[in-house]
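# Structural description and commentary
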Amino acid sequence: MKNNRRIARRAAATALVFGGMAFQGCPAAGLLNECFGEDTISAGEYDDLNVFEQLLYDETGCGRYEPRVDF
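Residues take numbers from 1 onward in each chain, read along the sequence in its written order. Residues qualify for local features only when their pLDDT is at least 70, as the model is predicted, and side-chain atom pairs are given and counted only at 80 or more; totals for whole chains, interfaces and linings, by contrast, use all residues. For the side-chain quantities, the full set of heavy atoms in the structure was used; hydrogens and water were omitted.

## Focus: the overall build of the protein
- Counting from the N terminus, the helices are the DSSP runs of H or I reaching at least four residues and the strands are the DSSP runs of E reaching at least two. Check the secondary structure of the protein and you find four helices and two strands.
- Its helices and strands in sequence order give the protein the pattern α-α-α-α-β-β, from N to C terminus.
- Among the 71 residues that make up the protein, the fraction classed as buried is 13%.
- Contact definition: two residues touch when any of their heavy atoms are within 4.5 Å. For the protein, the share of sequence-separated contacts (at least 6 apart) that also reach a separation of at least 24 residues comes to 32%.
- The accessible surface values rely on the Shrake-Rupley method and a 1.4 Å probe; as for residues, cover is taken only from the protein chains in view. A total of about 6000 Å² of accessible surface is found on the protein, and carbon and sulfur atoms cover 58% of it. For each residue, the accessible area found with a 1.4 Å probe, counting protein chains only, is set against the maximum for its type, and the residue is called buried under 20%, exposed over 50%, and partly exposed in between.

## As for the pattern of salt bridges
- A side-chain nitrogen of Lys or Arg and a carboxyl oxygen of Asp or Glu constitute a salt bridge if their distance falls within 4 Å. Considering all chains together, one arrives at one salt bridge under this definition.
- Notably, a salt bridge pairs Arg68 with Asp58, separated by 3.0 Å at the nearest N-O pair. Residue Arg68 is found in the segment after β2 (65–67), and its partner Asp58 is found in strand β1 (residues 57–59); the two are separated by ten residues along the sequence.
- By relative accessible area, which is 30% here, Arg68 ends up partly exposed.
- Since its relative accessible area comes to 26%, Asp58 is described here as partly exposed.

## What to know about the confidence of the model for the protein
- pLDDT expresses, on a scale from 0 to 100, how confident the predictor is about each individual residue. On average, the protein scores 77 in pLDDT, and the residues at 70 or more come to 69%.
- Mean pLDDT across the elements of the protein bottoms out in helix α2 (residues 27–36) (59) and peaks in helix α4 (residues 51–54) (96).

Shown next, in the form of structure tokens:
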């Protein structure tokens, strides 16, 4: 019984350590930032902007808008 618990704890610790390393470069992190980043606005907010302000934003893959980085 103790061996099973010990093995389960070690497996959980290993999964946490290696899982954290594996997901650091994961594209899903970029996708989450595109969809829920602090500097993104919704389509409704984008539509409320005037034409000149809209030029300052690019649409993300999620249908949200983020500030344009280049012109």
